[in-house]
Amino acid sequence: MPIKEIDLPYRVQYLSVLDREGEIDKSLDPQLSEELLVKLYRTMLLARRFDERMLILQRQGKIGTFAPLKGQEAQIGAAAALSPEDWIVPSFRETGVEIWRGRPMERILLAYSGYNEGGLMPDGLNLLPVSVPVGSHMFHAVGIGYGLKYSGQKALAATFFGDGATSEGDFHEAMNFASVYRTPVIFICQNNQWAISVPRSKQTHSKTLAQKALAYDMPGLQVDGNDVLAVYSAARDAAERARKGDGPTLIEMLTYRMSMHTTADDPKKYRSEEEVKEWEKRDPITRFEKYLVGKQILDDRKMQPIVEEIKAEIGSAEGRWLEIVEGEIDPLSMFDNAYAELTPTLLAQREMLRREISGEREAGSREKKP
Amino acid sequence: MPKINMVQAINMALLQEMEKDDRVILLGEDIGVNGGVFRVTDGLYDKFGPQRVLDTPLAESAIAGFSIGMAIFGLRPVCEMQFSGFSYFAFHQMEAHASRMRGRSQGRYSVPMVLRAPYGGGVRALEHHSESREIYWAHTPGLKMVIPSSPRTARALMISAIRDPDPVIFYEPKALYRAFREEVPEEEETFPIGSSRIALEGDDITLISYGASLRWTLEAASELQAEDGIKCEVIDLLSLSPLDDELFIESVKKTGRAVVVHEAGCSYGAGAEVVARIVQGAFLYLEAPVRRATGFDIVIPLYQREQDYLPGVRRIKGAVRETLAF
């Protein structure tokens, strides 16, 4: 018997709409309204400024460890292509997506300053809390997708993760389930080139991460992940497919983590300044700004109020954060939500902590928490 | 003797064993070029190269399973879980295979590997970076489970763990990584797995602990001595599995009273086993119920409240005083 080729109809596309100078490929223009374009830009800038502000707060010891977003703001394009009834299942570097969806910034600050209350999302946001163990959360999008399909809703679930996550078995299992059950899911891989100190090239020998979709007979494409319009277009197409019942899609966003993995990390130990500088030239915000200025949607006169509004918005979020912190957050709330109803053992343990704390207060040995 | 911290002490043990035995291989996420997120493997990649210090792809189950294969083959892998909170991806490999291979193959194959993981609270970290779930491993037959409490015990236990013929889970109390320095002899020193030690001698009450909470226990003992003249005997378990019950049972026979301290949640924690052994081994010597000063049966809260969760000096002293007042 001769050796035969199995003909598999697979190709991986790479999509880029804006070039580094902000010039658009007209044939790929997603034709967004001026209002949406400005909102995208504004949210990207807000996310950048908020991220910078959090870094300052972290260095001042006012908040704890967090994973900076800087450089990955084009992720907001994916969130913008979704409808409010679509679910978002994030990892831990999706601050931009979260802000777009409506997670209040004071809640983000609350979480990173060590209060469990930061995990509370506003009602009906369809946004899950941050998930830290890399790659472990994609299943949940697949399950939610199944629920949406089962209940006949024309909505989908989008899940975000990084390049490192594609090495976890859970990633492959989630992709396989999504494909087998044809669930309305978008897998959005933010390939930011570095999983802490391990570069993408050492993470996997596959040429692209997008091609990993092909093993599950699912479309996979790569997009310029610093091009918000490309990200938007790819997510919109994937969302359309999902809503039509055509199943899941994997989108690999080629982007770059311009800052550290988390504030506890020092990238100088493992990567060159030149590489960072090279990627700074591809900054997603600068590029989009050039495009909007070229299109005369933005100019200095219109920029000024945006910048001021952003500053005020961050300032008032900080104000609300401090208000919550300075108001009474009861330490006993650590027992809240352990279960729907506290067990007898937990009630006894909570009572024990209450006595300890009131004893300390009486003895004057308890510090007031910041 | 140089005074070094626990990070340096574990690094020293790894370095010494790697120099001595070329079967010893290190692997894990960010342990090579970056030297580990806590710098425990700092400098070892430069010294031994990428064949012996592997920066793996991000996959904890693979790291454990791959190590099992290496160990079966005859290598001596020491793998790192970046945080114990991410080790549950690897739990299946350790439970289903590492712990069972000797029995399954009727002694033909064994898994002499070490799985290292920083654990525990008190360092103001994110979710999944502060738990103390050592009992999952200690409860698994076929695995050994050790937790050092100081630089010197860490160095000695690590050498013993690497040389042990069976899989050893080595939990590193990250609250103690850089908390204090101690003299650690250059020359080789081991500590038998399955043995405990007396960290402080006393006659009034026996306090039993391990890991970071041993430190808090010693602080509490020192305050109790200063404030009320209470002389605590403090036992450092070091191994949760196998558990050395002789030393603490003997101690309780002397003192008649005991408190077990750990940061893990109370129910089904190591304290439960220790109390059961005390009841079995020293029942007629007991003058008061044995108490536990522990964390609560909830997920450790984010850092603003972790000190209220952890069994600090306050909770330990309270338990001691109640036990003495019985």
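Residues numbered from 1 in each chain as written. Chains lettered and ligands numbered in written order. Predicted model: local features only at pLDDT ≥ 70, side-chain atom pairs only at ≥ 80, totals over all residues.

A.B. asks: Looking at this model, I keep getting lost on the overall build of chain A. Mind explaining?
C.D. replies: A count of helical and extended segments in chain A gives twelve helices and eight strands. Against the 2.2 N^0.38 benchmark of 21 Å for 370 residues, chain A shows a C-alpha radius of gyration of 22 Å, consistent with a compact globule. Its C-alpha atoms give chain A principal-axis dimensions of roughly 85 × 60 × 45 Å. Partitioning the intrachain contacts of chain A with sequence separation of at least 6 by distance along the chain shows that 76% fall at a separation of at least 24. (Helix = DSSP H or I, 4+ residues; strand = E, 2+ residues; numbered from the N terminus. Rg over C-alpha atoms; globule rule 2.2 N^0.38 Å. Contact = placed C-beta atoms within 7 Å.)

A.B. asks: Please explain the packing of helix 4 (residues 105-112) of chain A against helix 11 (residues 300-326) of chain A as it appears in this structure.
C.D. replies: In helix packing, the relevant descriptors are the interaxial angle and the interaxial distance, both defined with respect to the helix axes. All names here are of chain A. It is at 8 Å that the axes of helix 4 and helix 11 come closest, and there the two elements cross at 50 degrees. The angle between the axes of helix 4 and helix 11 places the two elements in the oblique class. Considering only the axes of helix 4 and helix 11, their crossing is right-handed. Residue-level contacts link Met105, Glu106, Leu109 and Leu110 of helix 4 to Ile314, Ala317, Glu318, Arg320, Trp321 and Ile324 of helix 11. (Axes fitted to C-alpha atoms, helices over the stretch in contact; angles between N-to-C directions. Parallel < 35°, antiparallel > 145°, perpendicular 65-115°, else oblique. Left-handed = near helix turned anticlockwise from the far one by under 90°.)

A.B. asks: Help me understand the environment of Ala239(A) in this model?
C.D. replies: Residue and element names in this part refer to chain A. Turning to its location among the elements, Ala239 is positioned in helix 8 (residues 228-243). You can call Ala239 buried: it has 21 C-beta atoms within 10 Å. On a C-alpha basis, the gap between Ala239 and Ile329 in space is 40 Å, while along the polypeptide they are 90 residues apart. What Ala239 contacts, discounting residues up to four positions off in sequence, is Ala81, Leu82, Leu156 and Ile186. (Buried ≥ 20, exposed ≤ 12 C-beta atoms within 10 Å, placed from the backbone.)

A.B. asks: Where do I start with the nonpolar core in this structure?
C.D. replies: What tends to happen in soluble globular proteins is that the nonpolar side chains get buried as a cluster. Judged by nonpolar contacts, the single largest core of 193 residues is most densely connected at Ile76(A), Ile186(A), Val231(A), Ala235(A), Ile251(A), Leu115(B) and Met158(B). Here this core takes ten residues from helix 8 of chain A, the largest share from any one element. Apart from the residues within four sequence positions on either side, Ile251(A) is in contact with Ile186(A), Phe187(A), Ile188(A), Cys189(A), Leu221(A), Val223(A), Ala234(A), Ala235(A) and Ala238(A). Of all hydrophobic cores here, the second largest spans seven residues; its members include Cys266(B), Phe296(B), Ile300(B) and Leu310(B). (Core = buried A, V, L, I, M, F, W, Y, C linked by C-beta atoms within 7 Å.)

A.B. asks: Mind showing me how you'd approach the sheet that holds strand 8 (residues 249-254) of chain A here?
C.D. replies: All names here are of chain A. Strand order in this open sheet of six strands is 1-7-8-4-3-2, and the pairing throughout is parallel. Whereas interior strands pair on both sides, the edge strands pair on one side only; in this sheet they are strand 1 (13-15) and strand 2 (87-89). Direction aside, neighbouring strands of the sheet carry axes that sit 25 degrees apart on average. In the sheet, strand 2 pairs with strand 3 (residues 157-162) via three bridges, with the strands oriented parallel. Each residue of the ladder has a partner; that of Ile88, found in strand 3, is Ala158. Sheet strands in contact with helix 5 (residues 138-150) are strand 2, strand 3 and strand 4 (185-191), and its direction is about 170 degrees off that of strand 3. Helix 8 rests against strand 1, strand 4, strand 7 (220-224) and strand 8 of the sheet, and its axis sits at about 175 degrees to strand 8. (Pairing = 2+ DSSP bridges.)

A.B. asks: Would you mind going over the domain arrangement of chain A with me for this structure?
C.D. replies: How large an interface is tends to be reported as the accessible area lost when its parts come together. The domain architecture assigned to chain A consists of domain 1 (13-324) and domain 2 (330-363). Averaged C-alpha coordinates put domain 1 of chain A and domain 2 of chain A at centres separated by 38 Å. (Domains from an automatic or database assignment.)

A.B. asks: Which parts of the structure should I look at to understand the pairing of strand 13 (residues 258-265) of chain B?
C.D. replies: Side-chain direction in a regular strand flips from residue to residue, so the side chains alternate between the two faces of the sheet. All names here are of chain B. With eight of eight residues buried, strand 13 is to be regarded as a mostly interior element. Bridge count for strand 10 (residues 205-209) against strand 13 is three bridges, and the pairing is parallel. Its bridge partner being in strand 13, Leu207 is matched across the sheet by Val259. Bridge analysis of strand 13 against strand 14 (residues 291-295) gives five bridges, and the strand direction is parallel. In the strand pairing of strand 14, His262 is matched with Thr294. Crossover strand 13 to strand 14 through helix 10 (residues 270-282) is right-handed. (Right-handed = clockwise from strand over helix to strand, strands pointing away.)

A.B. asks: I would appreciate a short explanation of the domain arrangement of chain B in the present structure.
C.D. replies: Residues and elements named next belong to chain B. Looking at the assigned domains, one finds that chain B contains domain 1 (3-183) and domain 2 (197-325). Counting residues at the interface gives 27 residues for domain 1 and 23 residues for domain 2. Of all the secondary structure elements, the ones that give two or more residues to the side of domain 1 that touches domain 2 are helix 6 (134-138), strand 6 (144-146), helix 7 (151-163) and strand 7 (168-173).

A.B. asks: Would you mind showing me how to read the sheet that holds strand 7 of chain B here?
C.D. replies: In a beta sheet, neighbouring strands pair by backbone hydrogen bonds and run either parallel or antiparallel. Residues and elements named next belong to chain B. In spatial order, the strands read 3-2-4-5-7-6-12; together these seven strands make up an open sheet with mixed pairing. With partners counted over all chains shown, the strands left at the sheet margins are strand 3 (53-55) and strand 12 (239-241), one partner each. With direction set aside, neighbouring strand axes in the sheet form an average angle of 20 degrees. Of the strand pairs in this sheet, strand 2 (residues 24-28) and strand 3 are connected by three bridges, and their pairing is parallel.

A.B. asks: Just to check I follow, could you spell out the environment of Ile56(A) for this structure?
C.D. replies: Residue and element names in this part refer to chain A. Position of Ile56 relative to the elements: it lies in helix 1 (residues 34-59). Of the residues examined, Ile56 has 10 C-beta atoms within 10 Å and is grouped as exposed. Taking the C-alpha atoms as reference, Ile56 lies 62 Å from Ile3; in sequence the two are 53 residues apart.

A.B. asks: Which parts of the structure should I look at to understand the interface of chain A and chain B?
C.D. replies: Tallying the contact residues gives 34 residues for chain A and 30 residues for chain B. When contributions to the side of chain A that touches chain B are tallied by element, the ones reaching two or more residues are helix 7 (200-203) and helix 12 (344-363) of chain A. At six residues, the largest contribution of residues to the side of chain A that touches chain B is made by helix 12 of chain A. Across the side of chain A that touches chain B, the residue classes break down as 15 nonpolar, 13 polar and six charged. (Nonpolar A, V, L, I, M, F, W, Y, C, P; charged D, E, K, R; others polar.)

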